Structure formats: C-alpha cells, structure tokens
Amino acid sequence: MAGSLGDLVVRLNLDAADYSTQLVDAQRNAEKFANNTTQALQQTNREIRRTSSEVNYLNDAFKKIAAAVGVAEIVRLNDEFSNVSARLRIVTSDSEDFARVQNTLFATANNTRTAYGATANLFYRLSTATVDLGTSQSQLLTITDKLNKALVISGATGSTAKGALEQLSQALGANQLRGQEFNTVNEQGNRIIRALADGLGKTVGELREMANNGEITTQVFIRGFLKGAATLDDEFKKVPVTISGALQIAENELQRFVGVTATASGSSTALASGIVF
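As a starting point, this report considers the structure included with it. (Residues numbered from 1 in each chain as written. Predicted model: local features only at pLDDT ≥ 70, side-chain atom pairs only at ≥ 80, totals over all residues. Heavy atoms only, no water.)

A separate point is the packing of helix α7 (residues 137-154) against helix α8 (residues 158-173). At a minimum axis separation of 10 Å, α7 and α8 run at an interaxial angle of 135°. On the basis of the axis angle, α7 is oblique to α8. Note on packing geometry: the crossing formed by α7 with α8 is right-handed. For the pair α7 and α8, contact is made by L147, N148 and L151 and by A161, A164, L165 and L168, respectively. Of the residues that constitute the contact of α7 with α8, the class distribution is six nonpolar, one polar and no charged. (Axes fitted to C-alpha atoms, helices over the stretch in contact; angles between N-to-C directions. Helix = DSSP H or I, 4+ residues; strand = E, 2+ residues; numbered from the N terminus. Parallel < 35°, antiparallel > 145°, perpendicular 65-115°, else oblique. Left-handed = near helix turned anticlockwise from the far one by under 90°. Contact = heavy atoms within 4.5 Å. Nonpolar A, V, L, I, M, F, W, Y, C, P; charged D, E, K, R; others polar.)

Written out as structure tokens, the structure is:
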C-alpha cells in the first residue's frame, strides 16, 4: 500500500491554459489510486488465506502496516471495526446475514467515498430505531446509501461527513431530529435536509420549525427522505472523485484488512503481537 501511496503524485500547473486538462488528470489519478489500493489490499487478503503459516504471516503484515501508518492508527481501525461488527451482529439474523450486510456497507462506504465506521453505525441506528415500524433491511440499506450520497453532493468529505453522519445517527436513534443535530446536518449535509423538505412538501424554514417542535421523528424522516431522494443517484454521478475521497476508500480497505485478518486469527492476539516490536 505504501507503494501505491507513493505513486499518487498530483501536479497541477497553475498556468490558466492547462488548468482544466490537469484537473481532469488529477481526478483520474484519484480514481486510479482508489481502485489500485482496493485491489492491492484484497490481493493481500487472498494471500493470507493461502499461506501455510497464517499467524506468522499476519504478524509480519501488521508490523509492516504499523510501520507505514503508525501503531495508534492500526489500533483505532481495529477497535472501530470490532465495535461496529458487534453492533451489526445485533441487528442481523445470523452469520450469513451479518456477512452480507457488512459487505454491502463496505461497498456503500467505498462507492460514496465515506467512512465505513460512520456508514455502518448509521445503518445500526436506523435498524434499532425502526424495529417497530416494519422497515425492511433492504430499505434501510437503501436509505444509508442515499444519505451518504446526499452528504457527498453537499460537499461534505472526511471528518466533516463523518461528523454529520454521527449527528444524524444519534438523532434517528433517539427517534427525533431536532436542535443541534438538525443544525449540524443542515450545515454540513444540506442536500439531506432539502430532500427531506421536498418529500414532506415543506420549505427548509418550515422543516426547521418542525424540528424545533420535535415533529421530525425517525418514521417521518424515513418517509419524507425516501420520497424526496429520487434524483440523488443522478446528482451523485456528477460529483468528481477527489483526492480526499480516494484516501477515504484507502482507509476503508485498510480497516477491512486489519479487522478481517485479526478476526480470522480467532482473536486480536495476532494484531497485538504483530505490532509489538
């Protein structure tokens, strides 16, 4: 992965005549980097399955990754992966269902260039908040995907997008979007609020008043947002892949590698021994 990161060199000459051409080249480089990173980490996972001495291989792999990105980052990614996995197991029926949902959420996070942890936590909160509403798992996955796309359309990336998703997750988990959560989502993910307003036949100002009165419950939000989100897929296709978006995909795939391989060893023992030099 370190090689892939080193290969991503974007040179934008500020000469006005060449700016447009080089900006397109930068976007293509970002897309290529994201694809190459994903393929490289997936190939590493396949190699792990073929190795005859898996634990030794994992130790060596973790040492190399820790040297590249830092021990603290490896620990953070693994801890988040473990915590998110535990939550997903609560809202899935069995191991097969868990694996399918987890793979779908990784695909959603990568396709929308957003953090896997925030994406999976949003799905978990939606699942627990709608347990009595009859909302299907397929609908919840669709809502999660469209919320991510709306954030990207709004221009939210990286920690900004993650923060907005966390605020929205907390609000929906509490069955009410209001106050600070509403303001944060409106500021950082305005396309979400506009889709909700369109779906409910309200203006954004009227929606704010509903929020102040505690009228935007999870059920109201899901019904309105899905109705107003019809054009999000087409809008999202027009948003270029940015360098920060490509790096988010790389982080997602690194997290998947660290989390899956640590889990495959039966515990986090391989991770711990692999990063202690």
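Here the structure, examined in full by the defined rule, presents three aromatic pairs. Between F221 and F225 the ring centres are 5.7 Å apart and the planes differ by 5°, which places this aromatic pair in the stacked class. Here F225 and F221 lie together in helix α12 (residues 218-228), a separation of four residues that amounts to about one turn. Taken together through their ring pairs, the aromatic side chains of F81, F106 and Y116 make up a single cluster. (Phe/Tyr/Trp six-rings, centres within 6.5 Å; stacked < 30°, edge-to-face > 60°.)

Turning our eyes to something else, we now look at the pattern of salt bridges. Across all of its chains, the model carries nine salt bridges by this definition. K149 serves as the salt-bridge partner of D145, at 3.1 Å between the closest nitrogen and oxygen. Taken together, the residues D145 and K149, both in helix α7 and four residues apart, mark about one turn of the helix. In this pair, the class of D145 matches that of K149, namely buried. In this structure, a network of salt bridges that share partners links the residues D145, K146, K149 and D233. (Salt bridge = Lys/Arg side-chain N within 4 Å of Asp/Glu carboxyl O. Buried < 20%, exposed > 50% of the residue type's maximum accessible area, 1.4 Å probe, protein only.)

Moving on, we get to the environment of I143. Within the secondary structure, I143 is located in helix α7. I143 sits 20 residues away from F123 along the chain, and the two C-alpha atoms are 8.4 Å apart. Ignoring any residue separated from it by four or fewer positions in sequence, one finds I143 in contact with L126, I222, F225 and L226.

Ranked by internal contacts, the top residues of the largest apolar core, which has 49 residues, are Y116, I192, L207, I216, F221 and F225. Ignoring anything within four residues of it in the chain, the contact list for I216 reads N175, Q176, L177, F182, L196, L207, M210, A211 and F221. Counting residues in hydrophobic clusters, the runner-up holds five residues, among them I74, L77, L254 and V258. (Core = buried A, V, L, I, M, F, W, Y, C linked by side-chain atoms within 4.5 Å.)

Next up on the list: the side chain of R256. Structurally, R256 can be placed in helix α14 (residues 243-264). Among the residues examined, R256 registers a relative accessible area of 18% and is labelled buried.

A word on the packing of helix α5 (residues 95-111) against α7. At a minimum axis separation of 10 Å, α5 and α7 run at an interaxial angle of 20°. Taken together, the axis directions place α5 and α7 in an arrangement best described as roughly parallel. In this structure, the crossing between α5 and α7 has a hand that is right-handed. Contacts from D97, R100, V101, T104, L105, T108 and A109 of α5 reach α7 at Q137, L141, T144, D145 and N148.

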